[in-house]
Amino acid sequence: MVELLESAAEQLGVRVSYEALQTVVQTGLRGGLCKVKGEWRLIVDKRATSEERVATIATCLGRFDMTELELPAAVRACLRTHEPSARHRSTAA
């Protein structure tokens, strides 16, 4: 699932990287989404488990409109499971 989510990120133009992070933020995610010099980056703790990586990537990608992307049904289901609530949705896109 991690590889499928990374592929979805690539289709969106979001660069995924794995780095050693010092702390886990209050959300419980092992990383996060940011914009660096106009490019979206998703940084994931390289020590995160596969389940934590899936949760982090899916939660961050859930902020983007993915209706036009060709994604397997399993990936869409995963994204729905980790979708941020509408009140926390950013204008990422």
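It should be noted that the structure appears before, not after, this text.
The structure contained in this document is the topic of the report that follows. (Residues numbered from 1 in each chain as written. Predicted model: local features only at pLDDT ≥ 70, side-chain atom pairs only at ≥ 80, totals over all residues. Heavy atoms only, no water.)

Judged by nonpolar contacts, the single largest core of 20 residues is most densely connected at Leu5, Leu42, Ile57, Leu61, Met66, Leu71 and Leu79. Every element with two or more residues in this core is listed here: helix 1 (2–12), strand 3 (39–45), helix 2 (50–61) and helix 3 (73–81). For this core, the leading source of residues is helix 2, giving five residues. Non-local contacts of Leu79, meaning those with residues more than four positions away in its chain, are made with Leu5, Ala58, Leu61, Gly62, Met66 and Leu71. (Core = buried A, V, L, I, M, F, W, Y, C linked by side-chain atoms within 4.5 Å. Buried < 20%, exposed > 50% of the residue type's maximum accessible area, 1.4 Å probe, protein only. Helix = DSSP H or I, 4+ residues; strand = E, 2+ residues; numbered from the N terminus. Contact = heavy atoms within 4.5 Å.)

As a further point, take the layout of surface pockets. Considered as a void within the structure, the largest pocket measures approximately 160 Å³ in volume. Along its surface, the largest pocket is lined by eleven residues, and Gly62, Phe64, Met66, Leu79 and Glu83 are the ones closest to its centre. Ranked by residues supplied to the lining of the largest pocket, first place goes to helix 3 with three residues. Here the lining of the largest pocket is built from residues that sort into four nonpolar, two polar and five charged. (1 Å grid on protein atoms, 1.4 Å probe; cavity = no way out; pocket = protein on both sides within 12 Å on 5 of 7 lines; lining within 4 Å. Points joined across faces, edges and corners; volume = space filled by probe spheres on them. Nonpolar A, V, L, I, M, F, W, Y, C, P; charged D, E, K, R; others polar.)

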